[in-house]
Amino acid sequence: MKHPVRLERQNGVALIAIENPPVNALSTAVRRGILGALGAALSDDAIKAIVIAANGKTFPAGADISEFGQPFAEPDLPELCDLIEGADKPVIAALHGTVLGGGLELAMAAHYRIAHEDTKLGLPEIKLGLLPGAGGTQRAPRLVGVDVALDMMLTGAPITAAHAQRAGLVDGLAGDDLRDVVKALAAETTDIRRTRDLRRHLTDGAAYMARITQRRAALGKDVAPHKIVDCVEAALLLPFDAGRQVERTAFAECLATPRSAGLRHSFFAERRAAKFAELAHGHVRPIEGIGILGGGALGVRMAINCLDAGLPVTLVEQGEAGVGLVLDRIGAHYQQAVSAGRMSEGQGAAALTHLNLTTDFGSLRSADIIIEALPEQAGLRQAAFDGLGKTAKPRAVLATTSAYADLSELQRVSTRASEVVALHSFPALPGLDAMEIGVPAGVDPAAVTTAHAFAKMLGKLPIRSAAHPGLVGAYLMEAARRAADRLLLDGATPDRIDAAMRSFGMALGPYQAMDLMGLRQGWMHRKSHPHEPDPRYLALADRMCEAGWFGREAGRGYYVYAEGETHSVPNSDMLQLLAEERRSKGITTRSFTDRQMRDQIILTWVNEGARLVGNGIATRPSDVDALLVHGFGYPRGRGGPMQDADQTTTFQILRRVEILHEADPTGWDIAPLLRELAAERQNFGDLNG
Ligand code: 3HC
């Protein structure tokens, strides 16, 4: 492997250049390289000053997160920062790109910092359940004061180079001549200015402590924010080295929390999920216009997503009245966005100029991606794909929004087997930004990469699924409903189960999610694929669909939704049906604790997630996690159900599922992969690759 740190000497200046793509993370090899180069520069009498810079797209974007939790390797980053700060020759950091976490801490330990004007600087450790652990909690308040330091550490949001200069975090800005500017400064400077010795922001102790008290009072119950405030308090109250010791202990404590493990897992799970095998050999086709077929809730939501991303949309709806209705809905959305101050009037109007609403199916001819969002009606989708096969331009991607569509059938009727995918999105709630891409056999990799690029253009997290009824997301939600239905049968209610899942941290309970996604597709699928006879099958969802209670869009599902109101109440007619079902089965009801209810659902996700991975439907266990986090609001700080399961052993998980299976044999079909992993003493993480 190429050495990740190089030392160049020129005119009395040593340049330590870091090169560890993609983000120059401060891995063990990089730290060792910097240590060696620093030692060489310091012991060379010809060298008067030292520049630390990075090649590639950024100055280090942090410590190497993948090394956390591994055995400690010297030198550690805090030590390295101390050595840099303690150097007896001026050290100047040349910053560009995204200077984050340990990267910024390294820079703060240098004696001067010059940044390219486009640089972003931040301390995002909190997003990993951590705190700056290489002296950042001690040096940042000394450089920028308690307020800016706490803002940066508690939000994790980066600031611009101009802001950093105003705040005193960087000493100067440069353009593309950054290296020359820094080298020139290095050639002139003799002053050594150690951040640890700065006092200007520590002189008014009372004001500093007032800010600490104020911030502390506003914190929630997560560990890291409290520890950050403690460390910043220590920066005032303790000598630098003692403050660093407080930070070191606090960092280790945060690193050991399940929340940090969950957030770090999520960080990598999200990036892995977006890595489709097709990206290696499929090019992205131009995406200049989107066609949408159908102006129901899904079609309208998709159109708004596209317009917000600046993509021109042609939406085809039946009849002038239908078109009018769609225009009203989309218009109302932008009007609301303008009145709520989320966009200017000009922006709202501009978005609408990219919308072409029509009844003319032929208008879809120019679209690069055509998305079918039709209601669930026998034969409708097939007829649409037949029409699209005749109308769409060559190489247009043909997508269905349905998770249950028979993709091979759509490939056949469209005669465009290489272009058909599913693009399935999730309940429209803040933070739920997954877009599942269902890929049947025979699809051109370029169609997949184009769908992937489209998801990213919409700001979504693309997650791959092989063709499968429900893909991964709706399948897991349907499995959760089935598991929760067993609890309903025995005495629980949908709102109690939903509340138990929300108290665990889910954005939504399974019944709320079903209502938001709509019950119709799952019902149609169940009707065409009857299940094995099961004396404990609860026909509640089927009977609700027969009554037309399809969920949120119909105004009634497990809950009743009054027009224009966000508040919902349990559907009392549904509770009546539930009582009838129990009576007909002769059930004596009992009560459940929150824990029993959520264990039943989470273990279902683990077991069914294992089945999907074992069958090759989901690519890896961490995709199941990313999907539940980004599709249904599983708490990101837990990582996901598979990561949660890995907190024990697969052997223990199997045992728990076996116990549930023994109590309810038709309710639990144990996934072969779970048995295999348990037998081989492996966990799900071993399969993430
Ligand atoms: N460690 C290890 N790998 C990292 C990394 C890090 N700190 N930051 C990014 N990567 C990897 C990603 O996993 C990804 O790898 P892949 O290509 O194999 O999937 C690759 O770098 C590119 O990352 P992105 O896909 O996220 O690229 P973007 O260009 O979209 O974003 C970024 C770049 C803004 C730097 C973003 O990756 C990011 O925010 N990274 C995390 C930064 C961070 O949290 N730093 C603090 C680390 S903790 C720390 O420093 C502790 C210290 O206080 C002791």
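As the structure is a computational prediction, the values presented were derived from the model and not from experiment.

Examining the pairing of strand β6 (residues 112-116)
With five of five residues buried, β6 lies mostly within the body of the structure. Judged from the four bridges that link them, strand β4 (residues 91-95) and β6 form a sheet pairing that is parallel. Residue pairing across strands places isoleucine 92 opposite tyrosine 112, the latter belonging to β6. Bridging between β6 and strand β9 (residues 172-174) involves three bridges; their strand directions are parallel. Of the residues in β9, the one forming a bridge with histidine 116 is alanine 174.

Here's the deal with the domain arrangement of the protein chain
Partitioning the protein chain into domains gives domain 1 (5-256) and domain 2 (277-470). Summarising the inter-unit geometry, the C-alpha centres of domain 1 and domain 2 are found 45 Å apart.

A word on the packing of aromatic side chains
To describe a pair of aromatic rings, you give the distance between the ring centres and the angle between the ring planes. Counted under the stated rule, the structure contains seven aromatic pairs. For the ring pair tryptophan 605 and tyrosine 634, a centre distance of 6.1 Å and an interplane angle of 65° mean the geometry is edge-to-face. One end of the pair, tryptophan 605, is in helix α23 (residues 594-614); the other, tyrosine 634, is in the loop between α24 (621-632) and α25 (641-645), and 29 residues separate them in sequence. The exposure classification of tryptophan 605 matches that of tyrosine 634, with both residues buried. Taken together through their ring pairs, the aromatic side chains of Phe504, Trp605 and Tyr634 make up a single cluster. Cation over ring: lysine 527 sits above tryptophan 523, and NZ or CZ is 3.8 Å from the ring centre. Here arginine 681 stacks its cationic end above the ring of phenylalanine 651, 5.1 Å away from the centre of that ring.

A few points about the side chain of serine 622
Within the secondary structure layout, serine 622 lies in helix α24. Judged by relative accessible area, which is 0%, serine 622 ranks as buried. With sequence-adjacent residues up to four places away left out, serine 622 is seen in contact with His265, Ala269, Arg272 and Asn688.

Points about the sheet that holds strand β7 (residues 120-122)
Reading across the sheet, the three strands line up as β5-β7-β8 and stay open at both edges, with mixed pairing between neighbours. With one partner strand each, in any of the chains shown, β5 (98-100) and β8 (159-160) form the two edges of the open sheet. Two strands pair when backbone bridges link them, and β5 and β7 are joined in this way by three bridges, in the parallel orientation. Across the sheet, residue valine 99 finds its bridge partner in β7, namely leucine 121. Contacting β5 and β7, helix α3 (residues 102-109) runs over the sheet at an angle of about 80° to β5.

Reading the values: rules and limits
Residues numbered from 1 in each chain as written. Predicted model: local features only at pLDDT ≥ 70, side-chain atom pairs only at ≥ 80, totals over all residues. Heavy atoms only, no water. Buried < 20%, exposed > 50% of the residue type's maximum accessible area, 1.4 Å probe, protein only. Helix = DSSP H or I, 4+ residues; strand = E, 2+ residues; numbered from the N terminus. Pairing = 2+ DSSP bridges. Domains from an automatic or database assignment. Phe/Tyr/Trp six-rings, centres within 6.5 Å; stacked < 30°, edge-to-face > 60°. Lys NZ or Arg CZ within 6 Å of the ring centre and 35° of its normal. Contact = heavy atoms within 4.5 Å. Axes fitted to C-alpha atoms, helices over the stretch in contact; angles between N-to-C directions.

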